[in-house]
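Letter by letter, the chains look like this.
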Amino acid sequence: MHPMKITQKQMNIAKEAVNRPDMRFTNLYSLLHWSDWMRAAAKSVLARPGSMTAGIDSATRESFNTSFERQITDLVRELKTRIYRPQPVRRVYIPKGKNSKRPLGIPALRDRIVQEALRMVLDPIYESDFQPHSYGFRKERRTMDAIAVIMPQFNQGVKRYYVIEGDLKSYFDTVHHRKLLSILKRRIADKKIIELVHLFLKAGVMEDGFFTRSESGVPQGGVISPLLANVYLNEFDKWAEQKWHSLGAYERSKIRKTGRGTYQMVCYADDFVIVSNDTIEGVRRTKEEVKHFLEKELFLTLSEEKTKITHVNKGFDFLGYHIQRCRPEGRWVVHLRPTEKSILRIKSKIKEMTSSRWVHLPEVDRLKTLNTVVRGWCEYYKHTSLQDDLEQISRYAWHRYHGWLLRKFKGSRKQQLIRDKTKVVDNRSRWFATLKENGNVKTVHQWLPSPKELRRSKYRQKGRNGFEHPYLNISLITKDYPMGSKAPPAYIYKVTAISVRKGGTPIDMYERKTRVKVRDGLKCRKCGSTKRLQVHHRKGIKSHRMKDLITLCYMCHLEVTKEKYRQKRIV
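Residues numbered from 1 in each chain as written. Predicted model: local features only at pLDDT ≥ 70, side-chain atom pairs only at ≥ 80, totals over all residues. Heavy atoms only, no water.

Concerning the overall build of the protein
The condition is simple: A run of H or I in DSSP counts as a helix once it spans at least four residues, and a run of E counts as a strand once it spans at least two, with each numbered from the N terminus. Accessibility here uses a 1.4 Å probe with only protein chains present; expressed as a share of the type maximum, an area under 20% marks a residue as buried, one over 50% as exposed, and anything in between as partly exposed. It only takes one pair of heavy atoms within 4.5 Å for two residues to be counted as in contact. To be clear on the numbers: accessible area is Shrake-Rupley with a 1.4 Å probe, and residue cover counts the displayed protein chains and nothing else. Under the counting rule used here, the positive set is Lys and Arg, the negative set is Asp and Glu, and His together with the chain ends is not counted. Lys charges are placed at NZ, Arg charges at CZ, Asp charges at CG and Glu charges at CD.
In terms of helices and strands, the protein carries 20 helices and 16 strands. The principal-axis extent of the C-alpha atoms belonging to the protein is close to 75 × 75 × 45 Å. Taken across its 571 residues, the protein has 50% of its residues classed as buried. The contacts in the protein between residues at least 6 apart in sequence include a share of 70% that link residues at least 24 apart. With the model as given, the accessible surface of the protein reaches about 29300 Å², and the carbon-plus-sulfur share is 50%. Each charge class in the protein was averaged separately, 114 positive and 59 negative side chains, and the resulting centres sit 5 Å apart.

Details of the pattern of salt bridges
Stated precisely, the cut-off is as follows: The term salt bridge refers to a pairing of a side-chain nitrogen on Lys or Arg with a carboxyl oxygen on Asp or Glu at a separation within 4 Å.
Scanning all chains against the criterion turns up 31 salt bridges. Measuring nitrogen to oxygen at the nearest pair gives 3.4 Å for the salt bridge that ties Lys526 to Glu559. With a gap of 33 residues between them, Lys526 in the loop between helix 19 (509-519) and strand 15 (533-537) and Glu559 in helix 20 (residues 554-570) connect regions that are remote in the sequence. Overall, Glu559 belongs to the partly exposed group, its relative accessible area being 48%. Three or more residues joined by partner-sharing salt bridges are found here, namely Arg48, Glu116, Arg119 and Asp123.

Points about the sheet that holds strand 8 (residues 308-311)
Operational definition: Between any two strands, pairing holds if DSSP finds at least two bridges. Inter-axis angles, ranging from 0 to 180 degrees, are taken between N-to-C directions of lines fitted to C-alpha atoms, where helices are fitted over the stretch in contact.
Pairing within the open sheet is antiparallel, and its four strands lie in the order 6-7-3-8. Every interior strand has two partners, whereas the edge strands, strand 6 (263-268) and strand 8, have only one. Neighbour-to-neighbour, the strand axes of the sheet open up by a mean angle of 20°, direction not taken into account. In the sheet, strand 3 (residues 162-167) pairs with strand 7 (residues 271-276) via six bridges, with the strands oriented antiparallel. Looking at strand 7, one finds that Tyr162 is bridged to Ser276. The strands that helix 10 (residues 225-245) touches are strand 6 and strand 7; relative to strand 6, the one it contacts most, it runs at about 160°.

Here we look at the pairing of strand 1 (residues 89-96)
In this structure, strand 1 lies alongside strand 4 (residues 205-207), joined through two bridges in parallel fashion. Residue pairing in the sheet places Val89 in a bridge with Val205 of strand 4. By the bridge criterion, seven bridges tie strand 1 to strand 2 (residues 100-106) in an arrangement that is antiparallel. Across the sheet, residue Tyr93 finds its bridge partner in strand 2, namely Pro103.

A few points about the confidence of the model for the protein
As a general rule, the predicted coordinates of low-pLDDT regions are not to be interpreted in detail. Quick reminder of the rule: Confidence scores per residue from the predictor, reported as pLDDT, run from 0 to 100.
Residues at a pLDDT of 70 or more form 93% of the protein, whose mean pLDDT is 88. Across the protein, element-level confidence peaks in helix 8 (residues 177-185) with a mean pLDDT of 97 and bottoms out in helix 18 (residues 491-494) with 68. The low-confidence segment residues 497-503 (pLDDT under 50) makes ten contacts with residues lying over four places distant or belonging to another chain.

A closer look at the side chain of Ser44
Structurally, Ser44 is set in helix 2 (residues 35-46). Overall, Ser44 belongs to the buried group, its relative accessible area being 18%.

Overview of the packing of aromatic side chains
Our working rule: Note on aromatic contacts: the rings of Phe and Tyr and the six-membered ring of Trp form a pair at centre separations within 6.5 Å, being stacked when their planes are under 30 degrees apart, edge-to-face when over 60 apart, and tilted otherwise. Only when the NZ of Lys or the CZ of Arg is both within 6 Å of the ring centre and within 35 degrees of the ring normal is a charge said to sit over the ring.
This model, assessed by the stated rule, comprises 19 aromatic pairs. Relative to Tyr263, the ring of Trp244 has its centre 5.3 Å away and its plane inclined at 25°; by these criteria the two rings are stacked. A residue pair is termed long-range when its members are at least 10 positions apart, and Trp244 in helix 10 and Tyr263 in strand 6 qualify at 19 residues. The class of Trp244 is buried, set by a relative accessible area of 7%. Classification of Tyr263 as buried rests on a relative accessible area of 7%. Grouped by ring-pair contacts, the aromatic residues Phe236, Trp239, Trp244, Tyr263, Phe272 and Phe293 constitute a single cluster. Directly above the aromatic system of Tyr396 lies the positively charged group of Lys347, at a separation of 5.4 Å from the ring centroid. Just above the ring of Tyr554 sits the side chain of Arg532; from NZ or CZ to the centre is 4.1 Å.

Quick look at the environment of Ser429
The residue Ser429 is located in strand 13 (residues 428-437) in this model. Taking relative accessible area as the criterion, Ser429 reaches 36% and is therefore assigned partly exposed. The contacts of Ser429, once residues within four sequence positions are left out, are Trp398, Thr422, Lys423, Val424 and Leu448.

Concerning the sheet that holds strand 9 (residues 316-318)
Two orientations exist for strands paired in a sheet by backbone hydrogen bonds: parallel and antiparallel. Judged by pairing direction, the sheet is antiparallel, and its three strands sit side by side in the order 9-10-11 without closing on themselves. Each of the sheet's edge strands pairs with one partner strand only, and the pair in question is strand 9 and strand 11 (333-338). Sheet twist, expressed as the average angle between the axes of neighbouring strands with direction ignored, equals 30°.

Focus: the environment of Asp123
Applied cut-off: Residues adjacent in sequence count toward polar contacts only when both atoms are side-chain atoms; beyond that, a polar contact is any pair of N or O atoms within 3.5 Å, and within protein one must be able to donate a hydrogen and the other to accept it.
Note that Asp123 resides in helix 5 (residues 109-126). Judged by relative accessible area, Asp123 falls into the buried class, the value being 2%. In this structure the side chain of Asp123 is engaged in a polar contact, spanning 2.6 Å, whose partner is the side chain of Tyr471.

Overview of the packing of helix 4 (residues 68-81) against helix 5
Note the following rule: Working rule for handedness: look at the near helix, and if it is turned counterclockwise from the far one by less than a right angle, call the crossing left-handed; if clockwise, right-handed. Each residue gets one label: Ala, Val, Leu, Ile, Met, Phe, Trp, Tyr, Cys and Pro are nonpolar, Asp, Glu, Lys and Arg are charged, and the others, such as Gly, are polar.
The geometry of helix 4 relative to helix 5 is characterised by a closest axis approach of 11 Å and an angle of 60° between their N-to-C directions. Our pair here, helix 4 against helix 5, has a crossing hand that is right-handed. Judged by residue contacts, Leu75, Glu78 and Leu79 of helix 4 engage Arg110, Ile113 and Val114 from helix 5. Looking at the contact of helix 4 with helix 5 residue by residue, the classes come out as four nonpolar, no polar and two charged.

Quick look at empty space enclosed by the protein
What counts, and what does not: Using protein atoms alone on a 1 Å grid, points that fit a 1.4 Å probe yet trap it form a cavity, whereas open point sets bounded by protein on both sides within 12 Å along at least five of seven lines form a pocket; residues with an atom within 4 Å of a point count as lining. Grid points are joined across faces, edges and corners, and a volume is the space filled by probe spheres set on the points.
Considering all chains together, one arrives at three cavities of 30 Å³ or more under this definition. Here the largest cavity defines a volume of roughly 100 Å³. Going through the elements one at a time, helix 5, helix 9 (191-201) and helix 10 are the ones with two or more residues in the lining of the largest cavity. Size it by volume and the second largest cavity reaches roughly 80 Å³. Lining of the second largest cavity is provided by Tyr29, Leu79, Arg82, Tyr84, Arg85, Lys192, Glu195, Leu196 and Leu199. Class assignment for the residues of the lining of the second largest cavity results in five nonpolar, no polar and four charged.

Here's the deal with a positive patch on the surface
What counts, and what does not: To count toward a patch, a residue needs a relative accessible area over 30% and no salt bridge; like charges are then connected within 9 Å, while nonpolar side chains (Val, Leu, Ile, Met, Phe, Trp, Tyr) are connected within 5 Å.
A contiguous patch of positive charge on the surface is contributed by Lys96, Lys306, Lys341 and Arg345. Assignment of secondary structure puts Lys341 in helix 13 (residues 340-353).

Right, dumping it as structure tokens:
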């Protein structure tokens, strides 16, 4: 099956789903028999960074690629003969806030590939059914699309000033399996597909060598989990659509004349807010109605501590943003700002990066990684209202780097370091550092959120007249499934300047890579490109010597790596 045929098949499924809302699909399982369908799913999974993380079988991208075709053949054969059984997910815990951790279930790599193949079958159907006010884990939708819908609700014309901040208690762990399967059966008549979903739900969890059965919930970390979570919560979305969003202008005006208010809900996966121009008593009644529906129909529980009714003048947090109506210059405006939690987190990261434990690093490496962190955070918040929120972080980084230099060069004077190691670039004083290698010189300047370096703008609301169906447009089908990030990119909190692995990666590896790029003239040794440069290990990770490292652009690096794995499979 050619890739275009896969795309065309998904488009045909989506068309049927749109044109026949009550249709129950049959003969879907046969798509999993196609080796090309499974191969496309495998390539999608292996292209993601998570493919380097193993499940309980210890398989990663590298080991899978050594026997790629054999493993695809085995998966297709097991699915055809229906002897395929998913393995339990590996339970790990990742930090959540300062003192808590969140459980994450990591399926085996081969199970992730089957889940992706299953998602490729189901997503075109359910994307046709999802409501327009739902934004999480959906193609061509992001957090700012949800925020852009909320912001106009607080203006003088609409006056929806009360906010119900919805928070579902342990949502991914409490999805009711029988209820979820019954919802799926309304659209899927293929019993084999339902049975496969059931197998994934009941796969169980392996933690510290002990197996635990899965009685409820979908594991956070599974490829199919975001789609199943959306399918389940779509029942809540449909309830809100029928109760509030489907009302016309005339019906809304009649409600307002009786002294009651209208409502608007915006969802992003398991996070949602409901805004209203009703009285506080009416909003409290609505909160109880929402609570009753979720408990009786979906067996879900609202967190009493986190589900609050807030006036927009006091402000509330949603998807990493703080939204508040205020009157700074004599007129009411609604400000969109980073949350206090996000500001404290980025400052904590900058503080850790400029602590005494890193004084051994070269200035170029420290300044580059500092730029990566500050720029990544500012890019996420470039659509916020106040420039000073971003400048606050860059100022903090400026002073922390100054303190790091004082610790690195003990005995130096503050003003002398400022004179020697700062330059005025674009009318802004910045730190700079240089690195020399084989006569080539690399100079790094501190990145600042200036108008030239960061294009700030008000985010233009998309989907005002409805979003385009992602499976009815070929250019959108080929885009990867979104991960649904609700915060600045995770990599900026993981950046340090070294990469210490069990394999014995040198502590100065980051510096070596920088020196290799400077040595090679900051261009690809294969095609001469100067964009997206990476460092390639010619002898694999067994040798980290500079003579065994070369600079390649992203595309050349990809091509060289693919050729390497192709040769391994032939052998």
